[in-house]
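What follows is the residue order along each chain.
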Amino acid sequence: MHRFHYRNDTLYAEDVPVGEAARRFGTPLYLYSHGTIVDHYLKIKEAFREVEPLICFSMKANSSSAVLASLVKRGAGLDIVSGGELYRSRRVKCPASRIVYASVGKREDEIDEAIRAGILLFNVESEPELRMINRRAHARRKKVMVTLRLNPDVEAHTHHYITTGKSENKFGLDFNTARAIIRFSNRYKNVDIAGVHIHIGSQITEAQPFVAAIRKTLRFIDTLGVVIRYFNIGGGMGIVYDKERPQGANEFAAKVLPLFEDRDFKLILEPGRFIVGNSGILVTRVVYIKKSASGKHFAIVDAGMNDLIRPSLYSAYHEILPVDCPRQAGGARSRRTVKYDVVGPICESGDFLGKDRVLPELKEGDLLAVMGAGAYGYAMSSNYNSRPRLPEVMVIKNRVHLVRPRETYADLVRGEKVPKGI
Ligand SMILES: Cc1ncc(COP(=O)(O)O)c(C=O)c1O
């Protein structure tokens, strides 16, 4: 559930008409509902309450400071994947004891920064990385905690680009390598191997792949004969973009928690999309309407694949809604609909937000809302075609807050230099 809804044929975010925010801040823009973000976080927290897990929001989904601060203030930790994300997490005052760090390619300097910050633990993805962490911890005379990210080789039933728990994926350690690491753990004197981590993919709409991965991992750790204190089940819970019927937080917890009965693990969760996906929309304006010789109707809008790459990258579906439902002269709601490809201004045929969308007949200047854009939306945006990144606004009940300004043309060239005599 989210807090975007129609009132009198006008789309609202909480108590604010979306059109009003668009007029105030211009389009395109990202708009978040604070209430929805908090609701979704609390849903997971409540569902897993009996085991008091550490819920580390996976900030790669949305690293906007206002989003992070809303969650950290309510007790969330953060799942980070880079020095930049560590910087952001410190900026919103996330206690280091609630930060976990994954990524297959942590650099030496990033590891140093994380050790210096005193993060809770590293999710280690390879043997060379473990050696590096051990070396850097030794240099700082510290013992740092790690969990081994295991690759349980299970099918996640999601898009292959966001499947991460198959043996052919680059993520995690296979069971044999992990077993060897634990057997020779005395080689890593500055590392405390405290547990295991799995993350099998994203937008997984059923509990079965999680259950299979957890069961397999539990069976594996039972053969190790060592004490496991942390079990991190990762993120990946799917949401509704189209007609999916994903498990809710309670159903998910009901399937997962029994697997941990009689186990004395601290559970860690790393949800990203579940918390923010349906908490944000991309608001865009129709620039031109165009009809091709083949009879196709295009709604050319001011947002493009650089602003929201999911449709182009994963053929992802995002519902597209009119912000104001058009009315005919006389006030009756317009019934005429047209099938449009909603496309952006970028010089790529892959630049679309939605194809074959039946919408009320559109005209130049109309506003559209691309739903479910709160996760991997702004976070994956770029300056391609020298387009400044969008502003982000957050609605809290009946107030709109600009939480990141639109980039300027000057931002595009910041720091660039042209050598003399070129
Ligand atoms: C290690 C890890 N944890 C958590 C997540 C968050 O996934 P999701 O947004 O699907 O919950 C990801 C996403 O790629 C990830 O790589």
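Everything below is about the structure shown above.
Residues numbered from 1 in each chain as written. Predicted model: local features only at pLDDT ≥ 70, side-chain atom pairs only at ≥ 80, totals over all residues.

Chemist: Could you give an account of the site of the ligand, naming the residues involved and the relevant values?
Modeler: Close contacts around the ligand come from 17 residues, with Ser58, Ser202, Gly235, Gly272 and Arg273 the closest. Broken down by class, the residue content of the shell around the ligand amounts to 6 nonpolar, 7 polar and 4 charged. (Near = placed C-beta within 6 Å. Nonpolar A, V, L, I, M, F, W, Y, C, P; charged D, E, K, R; others polar.)

Chemist: Before we move on, could you go through the environment of Glu261 and cite the residues and values that matter?
Modeler: The residue Glu261 is located in the loop between helix 9 (249-256) and strand 12 (266-269) in this model. Glu261 sits in the exposed class, given 7 other C-beta atoms within 10 Å. (Helix = DSSP H or I, 4+ residues; strand = E, 2+ residues; numbered from the N terminus. Buried ≥ 20, exposed ≤ 12 C-beta atoms within 10 Å, placed from the backbone.)

Chemist: Give me the lowdown on the sheet that holds strand 10 (residues 191-197), citing residues and values where you can.
Modeler: Sheet architecture is closed into a barrel: 8 strands sit in the order 5-6-7-8-9-10-11-12, paired in parallel fashion. Recorded for the sheet is a direction-independent mean angle of 30 degrees between the axes of neighbouring strands. One ladder, built from 3 bridges, connects strand 8 (residues 121-124) with strand 9 (residues 144-149); its direction is parallel. Directly across from Val124, in strand 9, lies its bridge partner Leu148. (Pairing = 2+ DSSP bridges. Axes fitted to C-alpha atoms, helices over the stretch in contact; angles between N-to-C directions.)

Chemist: How would you summarise the sheet that holds strand 3 (residues 16-17) if you had to cite specific residues and measurements?
Modeler: With antiparallel pairing, 3 strands are arranged side by side in an open sheet as 1-2-3. Because the sheet does not close on itself, it has two edges, and the strands there are strand 1 (4-7) and strand 3. Judged from the 4 bridges that link them, strand 1 and strand 2 (residues 10-13) form a sheet pairing that is antiparallel. Bridge pairing links Arg7 to Thr10 in strand 2.

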